[in-house]
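Listed here are the chains, written in short residue letters.
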Amino acid sequence: MPQVQELKGNIRVFCRVRPVAFSSSTPPSSLTPSTPSSCSLLTGAQISESEKQSGKKNAIHFDKIFSSDSSQEEVFEETAPLVVSVMDGYNICIFAYGQTGSGKTHTMEGRSEARGVNYRALDMLFRLALERRTTMKYEFKVSLMEIYNEQLKDLLELHDSKGEMKRLDVKPDPSSSSTSSTYVPDLKLVTVQDLEDVQRVIALGMKNRSTSSTQMNEQSSRSHCVFSVYVTCHDLLKGGNFFGKMHLIDLAGSERLSRTGATGERLTEAKNINKSLSALGNCVSALVAKSKHIPFRDSKLTHLLQDSLAGDAKVLMFVCSSPCDSDAPETSCSLQFATRARGVELG
Ligand SMILES: Nc1ncnc2c1ncn2[C@@H]1O[C@H](COP(=O)(O)OP(=O)(O)OP(=O)(O)O)[C@@H](O)[C@H]1O
């Protein structure tokens with residue numbers, strides 16, 4: 001059984017490197033083709049090697065590095081201790097960050113033959129609930145939202161017959177004494193009892209999600225996707241209830257507009273994605289500097305994350321990276337962001 005991690009601490013950062021093969025199979029015409037020999041930028045071994053050479057000052061530190069041959073099981077094994085604590089009433093936020101095509105969706109959602117963190121997390125929660133059934137009774141609800149072009153949408157509820165999704169907003173939580181606590185009024189929560197329920201809900205939501213093909217990724221997420229799990233725990237021995245909440249977030253990929261060849265609608269999407277990711281960067285910098293004002297309200301993404309980043313959540317960030325030299329500028333930006341994020345003190 002994974003051990004529950006301590007509440008206080010910094011944002012934990014896990015670095016995951018995508019395999020080479022996925023970019024070389026369909027090399028984008030405008031990019032340097034990815035060959036194994038040119039894809040030497042980032043492996044666990046090389047990070048520690050560069051660490052040795054450059055000395056501690058410039059070294060990049062992560063809580064864990066997963067190389068390109070790390071399996072979904074290995075990744076989840078390290079993530080599980082954090083996930084478990086939602087059953088004990090903690091708030092958890094796990095998000096994947098990185099350039100487009102770097103493996104964020106693979107890490108969070110995965111595929112049916114290689115499930116990602118979301119599915120494995122729910123699987124573990126259901127199994128734990130069963131194990132603890134003589135002392136605790138758990139109820140699970142989930143929600144699925146996306147932030148697309150700076151609009152927060154409920155992926156589980158249609159707003160009208162034209163197929164428009166219901167639009168949502170982030171508001172201060174009136175039931176909490178903490179000023180950083182937020183909630184999303186009118187968000188649809190669905191009770192789930194097993195993995196089949198979860199799969200049904202996710203399949204419905206994903207049908208409504210905004211993805212499209214870009215030069216960098218055949219099935220690129222054009223929105224930030226927020227899958228949330230709400231756990232109510234009834235203590236059967238002592239009586240009383242407590243609550244835990246977990247956000248599992250697949251961020252849209254950061255991208256250089258010049259590389260993506262985006263025009264029209266794709267360009268608007270890309271600009272909105274980059275804007276909200278830089279708002280996240282600004283909040284992280286302000287949190288590291290312990291500024292009085294953290295600009296959470298500058299974007300829907302940061303407003304939604306306020307609850308986790310300024311509250312009492314345990315936060316884990318996957319920084320997903322391409323191993324290719326041709327992606328070096330983006331990888332460098334992602335790693336710098338991850339380094340800053342790791343300096344954020346929580347709790
Ligand atoms: N560790 C991995 N092992 C196997 N396949 C991977 C891995 N990482 C990524 N891939 C594959 O690479 C491709 C791109 O990955 P993915 O869609 O997860 O990227 P992304 O970061 O979510 O991109 P975007 O931001 O454009 O949505 C997919 O086909 C995915 O299955």
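Residues numbered from 1 in each chain as written. Predicted model: local features only at pLDDT ≥ 70, side-chain atom pairs only at ≥ 80, totals over all residues. Heavy atoms only, no water.

## Quick look at the pattern of salt bridges
In step 1: Evaluated as defined, the whole model comprises 13 salt bridges.
In step 2: Of the charged contacts, one joins Lys64 and Glu78 as a salt bridge, the two residues approaching to 3.8 Å between their closest N and O atoms. Residue Lys64 is located in strand β3 (residues 64–66), and its partner Glu78 is located in helix α3 (residues 72–84); the two are separated by 14 residues in the primary sequence.
In step 3: Take Lys64: its relative accessible area is 30%, and that puts it in the partly exposed class.
In step 4: Looking at Glu78, the relative accessible area reads 32%, which means it is partly exposed.
In step 5: Among the salt bridges present, the one from Lys290 reaches Glu345, with a minimum N-O distance of 3.2 Å. Of this pair, Lys290 sits in the loop between α8 (264–288) and α9 (300–309) while Glu345 sits in strand β18 (residues 345–346), and the two are 55 residues apart along the sequence.
In step 6: For Lys290, a relative accessible area of 58% gives the class exposed. (Salt bridge = Lys/Arg side-chain N within 4 Å of Asp/Glu carboxyl O. Helix = DSSP H or I, 4+ residues; strand = E, 2+ residues; numbered from the N terminus. Buried < 20%, exposed > 50% of the residue type's maximum accessible area, 1.4 Å probe, protein only.)

## Details of unusual backbone geometry
Trans is the common state for peptide bonds, and a negative phi is the common state for residues other than glycine.
In step 1: Not every positive phi belongs to a glycine, and Glu150 is a case in point at roughly 65 degrees.
In step 2: Its relative accessible area of 21% is what places Glu150 among the partly exposed residues.

## Digging into the packing of aromatic side chains
In step 1: For the coordinates displayed, the defined rule picks out five aromatic pairs.
In step 2: Between Tyr97 and Phe337, the aromatic rings sit 4.2 Å apart at their centres with planes inclined by 20 degrees, giving stacked as the arrangement. Highlighted residues: Tyr97 in strand β4 (residues 91–97) and Phe337 in helix α10 (residues 328–341), separated in sequence by 240 residues. Here Tyr97 and Phe337 have matching classes, each one buried.
In step 3: In this arrangement the basic side chain of Arg115 is found over the ring face of Tyr119, its NZ or CZ atom lying 4.0 Å from the centre.
In step 4: The residue whose ring lies beneath Lys314 is Tyr90, and the NZ or CZ to ring-centre distance is 4.3 Å. (Phe/Tyr/Trp six-rings, centres within 6.5 Å; stacked < 30°, edge-to-face > 60°. Lys NZ or Arg CZ within 6 Å of the ring centre and 35° of its normal.)

## Remarks on the UniProt feature "binding site: ATP" (unreviewed entry) in the chain
In step 1: Summarizing the sequence annotation, UniProt attributes the feature "binding site: ATP" (unreviewed entry) to Gly98, Gln99, Thr100, Gly101, Ser102, Gly103, Lys104 and Thr105 in the numbering used throughout.
In step 2: Positionally, Gln99 belongs in the loop between β4 and α4 (104–108).
In step 3: Taking relative accessible area as the criterion, Gln99 reaches 3% and is therefore assigned buried.
In step 4: Note on placement: Lys104 falls in helix α4.
In step 5: The class for Lys104 is buried, based on a relative accessible area of 6%.
In step 6: Sequence-distant contacts of Lys104, defined by excluding residues within four places in its chain, comprise Ala96, Tyr97, Gly98, Gln99, Asp250, Leu251, Ala252, Gly253 and Cys320.
In step 7: At 2.9 Å, the side chain of Lys104 and the backbone oxygen of Gln99 are in polar contact. (UniProt positions renumbered as here; feature names shortened; annotations may be inferred. Contact = heavy atoms within 4.5 Å. Polar contact = N/O pair within 3.5 Å; in protein donor to acceptor, adjacent residues only side chain to side chain.)

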